[in-house]
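Structural overview
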Amino acid sequence: MKKNLKKITSLVLASGMALALVACGNGGSAAPATTAAAGDSEAKTEAPGDTGATGDTQAAAEGTDYTKGDSLVIKYCTATAENQPSGHYGRSLAARLDELTGGRIKVECYYNSEMGSNSELLEGLQLGTIEMTCMSAANLGGFCESLMLLDLPYLFSCGEAANEAMNGEVGREILDELEPSGFHGLGWVTGGTELWRLLTANKEIKVPSDLNGIKIRIMSNQIHEAFWNALGASPIPMAFSELYTALQNGTVDAQENPWGQIQGSKLYECQKYIMKTEHMFDFSPVVISKPFWDTLSAEDQALIQMVCDEIAEGERAYTDQLQFDAEKEATDYGCQVVELTPEEKQQWVDIGRGIYDKFADKIGQERIDKCLEISAKYE
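Summarised in this report is the structure supplied together with it. None of these values were measured; they are calculated from a predicted model.

Parameters at a glance
Residues numbered from 1 in each chain as written. Predicted model: local features only at pLDDT ≥ 70, side-chain atom pairs only at ≥ 80, totals over all residues. Heavy atoms only, no water. Phe/Tyr/Trp six-rings, centres within 6.5 Å; stacked < 30°, edge-to-face > 60°. Helix = DSSP H or I, 4+ residues; strand = E, 2+ residues; numbered from the N terminus. Buried < 20%, exposed > 50% of the residue type's maximum accessible area, 1.4 Å probe, protein only. Salt bridge = Lys/Arg side-chain N within 4 Å of Asp/Glu carboxyl O. Patch = residues over 30% accessible without salt bridge, like charges linked within 9 Å, V, L, I, M, F, W, Y side chains within 5 Å. Areas by Shrake-Rupley, 256 points an atom, 1.4 Å probe, with all protein chains shown as cover. Lys, Arg positive; Asp, Glu negative; His and termini not counted. Charge placed at Lys NZ, Arg CZ, Asp CG, Glu CD. Pairing = 2+ DSSP bridges. Axes fitted to C-alpha atoms, helices over the stretch in contact; angles between N-to-C directions. Core = buried A, V, L, I, M, F, W, Y, C linked by side-chain atoms within 4.5 Å. Contact = heavy atoms within 4.5 Å. Parallel < 35°, antiparallel > 145°, perpendicular 65-115°, else oblique. Left-handed = near helix turned anticlockwise from the far one by under 90°. Expected span 1.5 Å × (residues − 1). Bend = angle between axes of the 7 residues up to and from the residue. Disulfide = S-S within 2.5 Å.

Here the focus is the packing of aromatic side chains. When we look at a pair of aromatic rings, we describe it by the centre distance and by the angle of the planes. All chains considered together, the criterion is met by nine aromatic pairs. Plain terms: the ring middles of Phe143 and Phe183 are 5.2 Å apart, the flat faces sit at 85° to each other, and that makes the pair edge-to-face. Taken together, the residues Phe143 in the loop between β3 (132-134) and α5 (159-166) and Phe183 in strand β4 (residues 183-189) connect sequence positions 40 residues apart. Residue Phe143 is classed as partly exposed on the basis of its relative accessible area of 34%. Residue class for Phe183 comes out buried when judged on its relative accessible area of 0%. Members of the aromatic cluster, each reached through a chain of ring pairs, are Tyr154, Phe227, Trp228 and Trp348.

As C-alpha cells, this is what we get:
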C-alpha cells in the first residue's frame, strides 16, 4: 500500500514542484533533499507552473479579474528550511497568487528563521510588521488553548483520521479561535498519511522504560513536557536552532520531530537510531496577521482563502513524499530505523492517553472525544 502511495504522491509532486521552482528565491531547486540558503528569500514568479486548480476554484479563477485592486506585498516567514512543508507552502502560495493577479499580489518568502524565531514571528504578526507564517501548532498553544488538542499524544490512529478531523468542523473551530490573539487562520500544512513525529537517539528505544535517564530536547510546550516526563525521560525545552549543536556536544541525548526536520537539519548525523513512535501527527496552522487581514478588501480576502484551500491537497502530497525521501536519506547515511511491535507501541499509547485528563478542561473533553471517535473509525 505504501508503494502505491509513493507512486500517487510522486505524480502529484511532479506538478507541485513545477510551480515551486518559479515561486520564490533566485531559481533554487525545490527538490526535497535541497535546503535553500536563508538569504534566498524574495518571492519572484514569472512563469508559474500548473497549480492543480480544478472544479469550483478553477472556475472562479477563470471568471474573475484578480489583476484589479490595490497592490499588496505579503511577507511569508518561517523558521524552517525552504524545502520543508512550511517553506514549500509559501512557494506554492506565491506562485498561484502571482499567476492569478498578474503580479498585483506579491508574496516574499523568508526561511530558516531569517525574520526571527517562531515567537518573534508571532509577535510580528500581532504587530502587523510581518503578514504571514506557518509553524507547528505547538508554538501557538499559549495563544489559543484549543490548539493544545494537536499536542495530545496518540490522539489520531492514522493520517486519514487526523485530516478528517482537522479539515472539518474541529479544525475550522480552532482556527476561528485564533482571532482574539491577533491571528487569522487560513488552513493547515500537514501530510496526507505520513507526517508523524518520531523519536531519535543514540540508543535503541522500544518501550518507555528505555527512556530512563535520557535527556530529550522538546519544544517549550506543557503537553510535550508532561508526555515525556510521564514516559520517564528528562525533557529539556530548547529552540530548534540550537538542537544540532546540543546533540553534538551531548547537552541532550535525543529529540523528536517529523522526518522532514530530521532530514532538513541533518539531525541523522548526530543520532544513530530513529524510532517510529508516531506519537503525534503534525499540523502547522497557516496564519495571517489579523491587523493586516482587516485592511484587505473582501475580494482579496476571498482570493487568498481560495488559493490556500486550492493548494492544500498538493502540499499534503509533497509533504508525504518528503517524509519518504527523508527516511531514505537517513538510512543511506547509516541510521537504523526501529519499528515498534503492536505490543510495544501500546505501552506508549497507554501512557500518552493517560495525560489527557490534565488538559481536558482547557481543550474541551467534547473535542477530544470527537477526535477519538473519528480515529476509532480507522482502527
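Opposite charge on two side chains permits pairing when their charged atoms draw close. One pass over the full model with this rule turns up 19 salt bridges. Note that Glu329 and Lys266 form a salt bridge whose closest N and O atoms lie 3.3 Å from each other. Here Lys266 lies in the loop between α9 (259-264) and β9 (273-275) and Glu329 lies in helix α11 (residues 298-333), a separation of 63 residues in the sequence. When its relative accessible area of 17% is taken as the criterion, Glu329 is described as buried. Residue classification places Lys266 among the partly exposed positions, given a relative accessible area of 33%. Beyond isolated ion pairs, a larger network of salt bridges with shared partners links Arg96, Glu99 and Glu310.

A cluster of acidic side chains, namely Glu169, Glu366, Asp369 and Glu373, defines a negative patch on the protein surface. In terms of residue count, helix α14 (residues 365-378) provides more of the negative patch than any other element does, three residues in total. Along the chain, Glu373 falls in helix α14.

Turning next to the sheet that holds strand β11 (residues 336-338). Hydrogen bonds between backbone atoms are what pair the strands of a sheet, whose relative direction is either parallel or antiparallel. The six strands are arranged β7-β6-β8-β5-β9-β11 in an open sheet whose pairing can be described as mixed. Edge positions in the open sheet fall to β7 (234-237) and β11, since each of these has one partner strand only. Strand-to-strand twist across the sheet, computed as the mean angle between neighbouring axes with direction ignored, equals 30°. Pairing of strand β5 (residues 198-201) with strand β8 (residues 254-257) involves four bridges; the strand directions are antiparallel. Across the sheet, Leu198 pairs through a bridge with Asn257, a residue of β8.

Among the nonpolar cores identified, the biggest contains 77 residues, and Leu147, Leu149, Phe156, Leu199, Leu211, Trp228 and Trp348 are the most heavily contacted of them. For this core, the element with the highest residue contribution is helix α7 (residues 222-231), accounting for five residues.

Our focus in this paragraph is the side chain of Glu131. On the secondary structure map, Glu131 appears in the loop between α4 (118-127) and β3. Other than its neighbours up to four places away in sequence, Glu131 contacts Val73, Ile74, Lys75, Leu125, Val287, Ile288, Ser289 and Phe292.

This part is about the packing of α7 against helix α12 (residues 342-353). As a packed pair, α7 and α12 sit with axes 9 Å apart at the nearest point and diverge in direction by 130°. When the axis of α7 is compared with that of α12, the two are oblique. Remark: the crossing between α7 and α12 carries right-handed chirality. Contact with α7, carried on its side by Phe227, Trp228, Ala230 and Leu231, involves Trp348, Ile351 and Gly352 of α12 and no other residues of that element.

Let us look at the environment of Met280. In this structure, Met280 sits in the loop between β9 and β10 (284-289). Owing to a relative accessible area of 3%, Met280 belongs among the buried residues under this scheme. Spatially, the C-alpha atom of Met280 lies 9.5 Å from that of Ser157, the residues being 123 residues apart in sequence. Contacts of Met280, omitting those with residues within four sequence positions, involve Asp151, Leu152, Pro153, Leu195, Trp196, Arg197, His224 and Phe227.

With 36 residues, α11 extends 50 Å from end C-alpha to end C-alpha; this agrees with the ideal 52 Å at 1.5 Å per step. Bending of α11 peaks at approximately 40° at the position of Ala312. Within two residues after α11, Gly334 carries a phi angle of roughly 125°, on the positive side.

Looking now at the state of the cysteines. Such a bond, covalent and formed between the sulfur atoms of two cysteines, is termed a disulfide. Taken as a whole, this structure holds zero disulfides when the rule is applied. You can see Cys270 has no disulfide; the closest cysteine sulfur is in Cys335, sitting 9.5 Å from it. A residue is classified by how much of its surface remains accessible, and Cys270, at 11% relative accessible area, is buried.

With that settled, the discussion passes to the environment of Leu243. One can find Leu243 in helix α8 (residues 243-249). Separated by 22 residues in sequence, Leu243 and Ser265 have C-alpha atoms that sit 9.2 Å apart. When residues no more than four places from it in sequence are discounted, the contact partners of Leu243 are Arg217, Met238, Val252, Gln255, Asn257 and Leu267.

Function cannot be read off these values alone, since they describe shape.
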